[in-house]
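Architecture at a glance
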Amino acid sequence: GVLTTTKQITAATAFDPENRRRYLGGTDISAILGFNQYKTAYECYLEKSGQAVDDRQESDILWWGHELEPLIVKKWLLQNPDWEIISENNFEIDPEFEFIACNTDREVRNKKTGEIAILEAKSVATSAFRHWRLGVPITYYTQVEHYLGVKGYDRAFFAMFVMDSRELKTFEVL
């Protein structure tokens, strides 16, 4: 793919509710397409137009997922020694469409080829892992395809930590 030049902003700015309202991100895209189980396209419209506020509190599940992320990435790197982290938690704006943005967990580079890819770290209980049995669920697939489009990359990885069995599984999206 063709690499694009994106605009980066700080994490503090990226997570500011007013700032998030200005952009369509990966989870917004999955909602617009009807694939997000937590938000409808209409709810996304209301939030982006300022007619509603996303007032969902961070759940324990989200908190643990965020806290486990560095460990998941560390284990993924041990299993994939040809790759290295080049950036973390980047919020970037599409260079062509300034209302589109992405917030990736990590960007990784292949030490041998120089290829740059996206790495998303996820944690899931075994009961929820069933949604991943046939591959990346459509909600996450649309999210990462959105990221690939904004970044101009060809590949993304999901490092999936299955908590109950303490296994790390990797899913690749091209």
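Preceding this paragraph is the structure being described.
Keep in mind that this is a model prediction, so the values were computed, not measured. (Residues numbered from 1 in each chain as written. Predicted model: local features only at pLDDT ≥ 70, side-chain atom pairs only at ≥ 80, totals over all residues. Heavy atoms only, no water.)

**Regarding the side chain of lysine 39**
Counting through the fold element by element, lysine 39 comes out in the loop between α3 (26–32) and α4 (41–48). In this structure lysine 39 comes out as buried when scored by relative accessible area, which is 8%. Here glutamate 47 takes part through its side chain, which lies 2.9 Å from a polar atom of the side chain of lysine 39. (Helix = DSSP H or I, 4+ residues; strand = E, 2+ residues; numbered from the N terminus. Buried < 20%, exposed > 50% of the residue type's maximum accessible area, 1.4 Å probe, protein only. Polar contact = N/O pair within 3.5 Å; in protein donor to acceptor, adjacent residues only side chain to side chain.)

**Description of the environment of isoleucine 100**
The topology assignment puts isoleucine 100 in the loop between β2 (83–93) and β3 (101–110). Separated by 46 residues in the primary sequence, isoleucine 100 and histidine 146 have C-alpha atoms spaced 9.1 Å apart. The residues contacting isoleucine 100, other than those within four sequence positions of it, are Tyr23, Leu24, Glu92, Ile93, Asp94, His146 and Val150. (Contact = heavy atoms within 4.5 Å.)

**Notes on helix α5 (residues 60–79)**
Across its 20 residues, α5 extends 28 Å between first and last C-alpha, which sits within 8% of the 28 Å expected from 1.5 Å per residue. At leucine 68, α5 is bent by approximately 45 degrees, the largest bend along its length, and proline proline 70 sits one to four residues beyond. Those residues of α5 that sit buried are Gly65, Leu68, Glu69, Ile72, Val73 and Trp76. At its buried positions, α5 is contacted by β2, β3, β4 (116–124), β5 (156–162) and β6 (167–173). (Expected span 1.5 Å × (residues − 1). Bend = angle between axes of the 7 residues up to and from the residue.)

**Observations regarding the packing of aromatic side chains**
With the rule as written, the count across this model stands at 12 aromatic pairs. Look at tyrosine 42 and tyrosine 45: their rings are 6.4 Å apart centre to centre, the planes differ by 25 degrees, and that puts the pair in the stacked class. Placement of the pair is tyrosine 42 and tyrosine 45 together in helix α4, with a separation of three residues, close to one helical turn. Ring centres of phenylalanine 97 and phenylalanine 99 lie 6.1 Å apart, and the angle between their planes is 65 degrees; this geometry places the pair in the edge-to-face category. The exposure class assigned to phenylalanine 97 is partly exposed, which follows from its relative accessible area of 38%. Look at phenylalanine 99 and you get partly exposed, because its relative accessible area is 43%. Site record: aromatic cluster; members linked through ring pairs are Phe129, Trp132, Tyr140, Phe158 and Phe171. (Phe/Tyr/Trp six-rings, centres within 6.5 Å; stacked < 30°, edge-to-face > 60°.)

**As for α4**
Of the residues making up α4, those classed as buried are Cys44, Leu46 and Glu47. Take α4 and look down its axis: the buried residues cluster within an arc of 160 degrees, on one side only. Downstream of α4 by a residue or two, glycine 50 has a phi angle that is positive, lying close to 80 degrees. (Arc of directions from axis to C-beta.)

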